[in-house]
Amino acid sequence: MKAVVFHGIGDIRLDDVEEPRIEKPTDAIVRLTASAICGTDLHMIRGTMPGMKPGTILGHEGVGVIEALGDDVRNLNIGDRVVIPSTIACGNCSYCRAGYYAQCNDANPNGPSAGTAFFGGPQETGPFPGMQAEKVRVPFANVGLVRIPEGVSDEQAILISDIFPTGYMGAELAEIKPGDTVAVFGCGPVGLFAIVSAKLLGAGRVFAIDCHEDRLELARAQGAEIINFEEEDPLETLKRLTNGIGVDRAIDAVGVDAMHPHHGPGAKKAHQEKAEFKREVKEAAPKTNPKGDNWVPGDAPAQALMWAVEGLAKAGTLSIIGVYPAQVRTFPIGMAMNKNLTMKMGNCNHRKYIPKLLELVRTGVVDPTAILSHVEPMSSALDAYRNFDVRKPGWVKVELEPTQLQ
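Residues numbered from 1 in each chain as written. Predicted model: local features only at pLDDT ≥ 70, side-chain atom pairs only at ≥ 80, totals over all residues. Heavy atoms only, no water.

Topic: the pattern of salt bridges
Now for step 1: Per the stated rule, a full pass over the model turns up 24 salt bridges.
Now for step 2: Arg 46 is the salt-bridge partner of Asp 389, the closest N and O atoms lying 2.9 Å from each other. One end of the pair, Asp 389, is in helix α14 (residues 381–389); the other, Arg 46, is in helix α1 (residues 39–46), with 343 residues separating them in the sequence. The same class applies to Asp 389 as to Arg 46, namely buried.
Now for step 3: Linking Lys 269 and Asp 233 is a salt bridge whose minimum nitrogen-to-oxygen distance equals 2.8 Å. Of the two residues, Lys 269 is situated in helix α9 (residues 264–272) and Asp 233 in the loop between β11 (225–228) and α8 (234–241); the sequence distance between them amounts to 36 residues.
Now for step 4: Residue Lys 269 is classed as partly exposed on the basis of its relative accessible area, which comes to 41%.
Now for step 5: One connected set of salt bridges, linked through shared partners, spans Glu 19, Arg 31, Glu 67 and Lys 135. (Salt bridge = Lys/Arg side-chain N within 4 Å of Asp/Glu carboxyl O. Helix = DSSP H or I, 4+ residues; strand = E, 2+ residues; numbered from the N terminus. Buried < 20%, exposed > 50% of the residue type's maximum accessible area, 1.4 Å probe, protein only.)

See below:
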């Protein structure tokens, strides 16, 4: 079968690989009808998430049809349409039972202390073959597959595999209450769903901070008040629009590949931090392999965190759902401590949220496809990756259709 395969930093290919098979009685084999490209995939290709094993199939978002089931999967049938949570969980350990599926004690073969297991990730996450392929083996399938209800399309369901749950968890971690003022840093797919989720939880105002006009316009369409950090200083604008108070809640939906301003009033401040940003980049991405404009790490890894902490009102809450690998150690802890901030963060417990979000989509409360910009055949995956990586205008979220190869 065909799959998108990681060969090294800056090197991905569409390869022929072996089809998966049942290995344990709790496994399932799913024929994928939709997968997607995520910003986390870009971290690995850019070198800001190290430890990738050459030969690993990429992709942690999947929707498909069950082709085979192990004997101990008793709640599903061959032929069921399913969405696959990005993180892998056993469903039995104390963490899974408490809803912390991303911290499952048993899913990661590297042991309980290794942390989150997910599809298509670095060595420390498994590794497990990913879902930018025609088929995938799903461990602990009785927990790791969720049946898709009638009336929910593949295009809707693929956005519930990872990015909608991650955005929703980000809003939940932020402790948003009705009437709260919220700032979301980053208007990529996860940030856009964080905006949607903040509104669902009753936020009174939501500010969206980014530098890409197409993404800011999507944020405006979701009801957010937009701030382009290449045109104005985002902190000065946040303070002015909140009468000097700041926001109650902030969500970092950017992560380690954050960028600093290159134009406007913010660029002058960034220039003063040039040496520190350079040090942070070296810390975050000790090895890189850019090819032209592609696979270039962010030039200010801690920028979104700095803005979020500075933009919060005293006693506010910071939610971090952007990805930061273990080697990153920069954080404005003094400022956060002296403002009495609450901080919550982590990898998404996808299986906790997927059933609820499927129901919101089925009943028409949310149509996630407003954020889906492109549906491409798997044969065009490498071009789609390159366009998504450079944030080409209009390229916000890309679904891949593996069935186009058959």
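From this point, things continue past the structure.
Comments concerning the sheet that holds strand β4 (residues 56–57)
Now for step 1: Strand order in this open sheet of three strands is β2-β1-β4, and the pairing throughout is antiparallel. Each having just a single partner strand, β2 (11–16) and β4 make up the two edges of the open sheet.
Now for step 2: Where strand β1 (residues 2–8) meets β4, two bridges bridge the pair, whose relative direction is antiparallel. Looking at β4, one finds that Phe 6 is bridged to Thr 56.
Now for step 3: Against the sheet, α14 touches β1 and β2, its axis set at about 160 degrees to β2. (Pairing = 2+ DSSP bridges. Contact = heavy atoms within 4.5 Å. Axes fitted to C-alpha atoms, helices over the stretch in contact; angles between N-to-C directions.)

Details of the packing of aromatic side chains
Now for step 1: All told, the structure shown has three aromatic pairs when counted by the stated rule.
Now for step 2: Seen from their ring centres, Phe 164 and Phe 193 are 4.7 Å apart, and the 20 degrees between their planes marks the pair as stacked. Linking Phe 164 in helix α5 (residues 163–173) with Phe 193 in helix α6 (residues 189–200), this pair joins segments that are 29 residues apart in sequence.
Now for step 3: The class for Phe 164 is buried, based on a relative accessible area of 0%.
Now for step 4: With a centroid separation of 5.1 Å and an interplanar angle of 55 degrees, the aromatic rings of Phe 229 and Trp 307 are classed as tilted. On the criterion of sequence distance, the pair formed by Phe 229 in the loop between β11 and α8 and Trp 307 in helix α11 (residues 303–311) is long-range, its members being 78 residues apart. Each member of the pair, Phe 229 as well as Trp 307, carries the same accessibility label: buried. (Phe/Tyr/Trp six-rings, centres within 6.5 Å; stacked < 30°, edge-to-face > 60°.)

Looking at the sheet that holds strand β14 (residues 342–345)
Now for step 1: The strand order across the open sheet formed by six strands is β11-β10-β9-β12-β13-β14, and the pairing between neighbours is parallel. Each edge of the open sheet carries a strand with a single partner, namely β11 and β14. Averaged over all pairs of adjacent strands, the angle between strand axes in this sheet comes to 20 degrees, irrespective of strand direction.
Now for step 2: Examined bridge by bridge, strand β9 (residues 181–185) and strand β10 (residues 205–210) share five bridges and lie parallel to one another. Looking at the pairing, Val 184 lines up with Ala 208 of β10.

Some remarks on the packing of α5 against α6
The geometry of a pair of packed helices is captured by two quantities: the angle between their axes and the separation between those axes.
Now for step 1: Relative orientation of the contacting elements α5 and α6 amounts to 50 degrees, with a least axis distance of 7 Å. One element, α5, and the other, α6, form an angle in the oblique class. The crossing of α5 and α6 is right-handed. On the side of α5, the interface is formed by Ile 163, Phe 164, Thr 166, Gly 167, Tyr 168 and Ala 171, while α6 contributes Pro 189, Val 190, Phe 193, Ala 194, Ser 197, Ala 198 and Leu 200.
Now for step 2: Residues of the contact of α5 with α6, tallied by class, amount to ten nonpolar, three polar and no charged. (Parallel < 35°, antiparallel > 145°, perpendicular 65-115°, else oblique. Left-handed = near helix turned anticlockwise from the far one by under 90°. Nonpolar A, V, L, I, M, F, W, Y, C, P; charged D, E, K, R; others polar.)

Digging into the side chain of Thr 56
Now for step 1: Looking at where Thr 56 falls in the secondary structure, it is placed in strand β4.
Now for step 2: One polar contact links the side chain of Thr 56 to the main-chain carbonyl oxygen of Lys 53, over a distance of 2.7 Å.
Now for step 3: The contacts of Thr 56, once residues within four sequence positions are left out, are Val 4, Val 5, Phe 6, Gly 120, Gly 121, Pro 127 and Phe 128. (Polar contact = N/O pair within 3.5 Å; in protein donor to acceptor, adjacent residues only side chain to side chain.)

Looking at α1
Now for step 1: For α1, a buried count of seven out of eight residues is recorded, marking the element as mostly surrounded by other parts of the structure.
Now for step 2: Structurally, α1 contributes buried residues whose contacts are with β1, β2, β3 (28–37) and α14.
Now for step 3: Gly 47 sits one or two residues past α1 and shows a positive phi near 100 degrees.

Structural measurements only, silent on function.
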